[in-house]
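Residues per chain, in single letters:
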Amino acid sequence: MAKPKTFYICNECGAESPQWFGKCPACGTYNSLEEQITIQSSVDVLTRGGITGWQGTHNPGKSTVKPAKPRASLTFDQISDRQIARWESGYGELDRVLGGGVVPGSMVLIGGDPGIGKSTLLLQVSNQLAQKYRILYVTGEESGQQVKLRASRLGVSKTQHVTSEQSEATATEVGEESINADLYVLPETDLEEILKEMDSLRPNLAVIDSIQTVFFPALTSAPGSVAQVRECTAALMKVAKHEDITMLIVGHVTKEGAIAGPKVLEHLVDTVLYFEGDRFASHRLLRTVKNRFGATHEIGIFEMVENGLREVPNPSELFLGNRDEPAPGTAIVVACEGTRPIVVELQALVSPTSYPSPRRAGTGIDYNRLVQILAVLEKRVGIPMSKLDSYVASAGGLNVEEPAVDLGIAVAIVASFRDRIVEPGTILIGEVGLGGQVRSVSQMELRLKEAAKLGFKRAIVPKGQKYPDFNIEILAVSKVMDAIIAAIPHQTLEDSDLELEEEYTSQ
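Keep in mind the model is a prediction, meaning the values are calculated, not measured.

Draft legend 1. Just the packing of helix 11 (residues 367–381) against helix 14 (residues 480–487), in detail. It is at 10 Å that the axes of helix 11 and helix 14 come closest, and there the two elements cross at 90°. It follows that helix 11 is roughly perpendicular to helix 14 by the angle criterion. Every residue of helix 14 that contacts helix 11 at L377, R380 and V381 is listed here: V480, M481 and I484. Each residue belonging to the contact of helix 11 with helix 14 can be placed in one class, and the counts come to 5 nonpolar, no polar and 1 charged.

Laid out in structure tokens, this is it:
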């Protein structure tokens, strides 16, 4: 006889607990445990699905044993070598992060903060793909009229259908030009109705906006709960693989920035993308976290303009300051996001502190690495950083947390302390070790090629590698002190500089 079993699942992290707690033991979130009841059958799992005789055929006491042969499994030689042609989404930046285009039958999860532009991006991509394929746009957060209003603001073609019994009037208002439209809008949250529409329409691609609003009526939990998100995603994944329908799914994020729902959501899908950006800046970054069909940690860069998102073909110009008027305390580095090199300007400001403990602040860089570099400058270079407030930021707010930008941070801080200008046309690449040494980094050829393309004439790089000739002067260094001497040209010290240094050393 079936036995009911009660347990509790956390809405935030998906952890299971045999009893209710006010605070989740796994993630520490308050009031996130919800009761779940499951039927635990007493029937053996081997006999429940009709797998009778399992013990008999493998009983070593019997003399007759069935010969081993595959029932449904295949060897690699038996699997067809059919090449899967990727679709061009109409946006090169999206194709880059997907590994070269949209893979038919794949499932892509896109997460991001509210208002960052997830729905805008998917509506624009749907419009581009609708020129060649049949697209179903399922919206659980907006009505058909709201989607149409946003589409007209973005300049999307007005030939989309609104498929819903409650929206027949809206569908007839589109006009005769919508007869050949291949972009269909379905305002629905019921999973069964969504699957019926897919079975009837047979789309090549379906957009689910968003998975947290979709619910399965057979489950008693509320939409957005762990059970609902898990079961709805699993059902959509099964349809995507069996019917070869590409799924683009929008996922909400928590206040910590992770995708809301159980972690199994990210394990089920083929690709996980994060849409990032500062709400005070116009650029948006589409970053790959997981990709079964391409490289991870790739980024695509968009800019939010009046009529939607626009691709940024040369992102280095977006994150470079005014090169005609260099300022003290700035340095140029080449950061790599996946296989894309980006030239970024780093800005540093150093000033005497008025607090017992100096302040350290970093925008767009890793704070722990900043503290480490400040300690290296004080110990190995002799700059009294313990008596100075230090502020470092990347131009444009781009997050550059890789070790290759360490040398640029160190030189920018020294240039600000001395109130000097780094030699114009110089880029800095290298990791700073605790002993003051400059260590080598990966993808040097890509970095130097990007710097030469933008007109830089000198590159201060780690010693010990052979670098290709890109018509750029290579200055190989092994110590941070050597890099500082090479980057900051010799200038005559004024009396005010000497007085300032004596003041720091006397404190």
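Draft legend 2. The arrangement of the side chain of K118 in detail. If you trace the backbone, K118 turns up in helix 4 (residues 118–129). Of the side chains bearing the opposite charge, D209 lies closest to the buried K118, which forms no salt bridge; the N-O distance is 7.0 Å.

Draft legend 3. Spatial organisation of the sheet that holds strand 14 (residues 330–337). Spatially, 7 strands are ordered 16-17-15-14-18-21-22 in an open sheet, and the strand pairing comes out mixed. Both edges of this open sheet fall to strand 16 (360–363) and strand 22 (473–477), since each of them pairs with a single strand only. Each strand of the sheet is rotated relative to its neighbour by a mean of 25°, with strand direction disregarded. On the sheet, helix 12 (residues 406–418) packs against strand 14, strand 15 (340–352), strand 17 (388–394), strand 18 (426–428) and strand 21 (458–462) and is oriented at approximately 35° with respect to strand 15.

Draft legend 4. Up close: the pairing of strand 14. Across the 8 residues of strand 14, 8 count as buried, placing the element largely inside the fold. The alternating pattern of strand 14 places T330, I332, V334 and C336 and A331, V333, A335 and E337 on opposite faces, both of which are buried. When strand 14 meets strand 15, the two strands line up antiparallel, connected through 8 bridges. Across the sheet, residue A335 finds its bridge partner in strand 15, namely I342.

About the cut-offs
- Residues numbered from 1 in each chain as written.
- Predicted model: local features only at pLDDT ≥ 70, side-chain atom pairs only at ≥ 80, totals over all residues.
- Heavy atoms only, no water.
- Axes fitted to C-alpha atoms, helices over the stretch in contact; angles between N-to-C directions.
- Helix = DSSP H or I, 4+ residues; strand = E, 2+ residues; numbered from the N terminus.
- Parallel < 35°, antiparallel > 145°, perpendicular 65-115°, else oblique.
- Contact = heavy atoms within 4.5 Å.
- Nonpolar A, V, L, I, M, F, W, Y, C, P; charged D, E, K, R; others polar.
- Buried < 20%, exposed > 50% of the residue type's maximum accessible area, 1.4 Å probe, protein only.
- Lys, Arg positive; Asp, Glu negative; His and termini not counted.
- Salt bridge = Lys/Arg side-chain N within 4 Å of Asp/Glu carboxyl O.
- Pairing = 2+ DSSP bridges.

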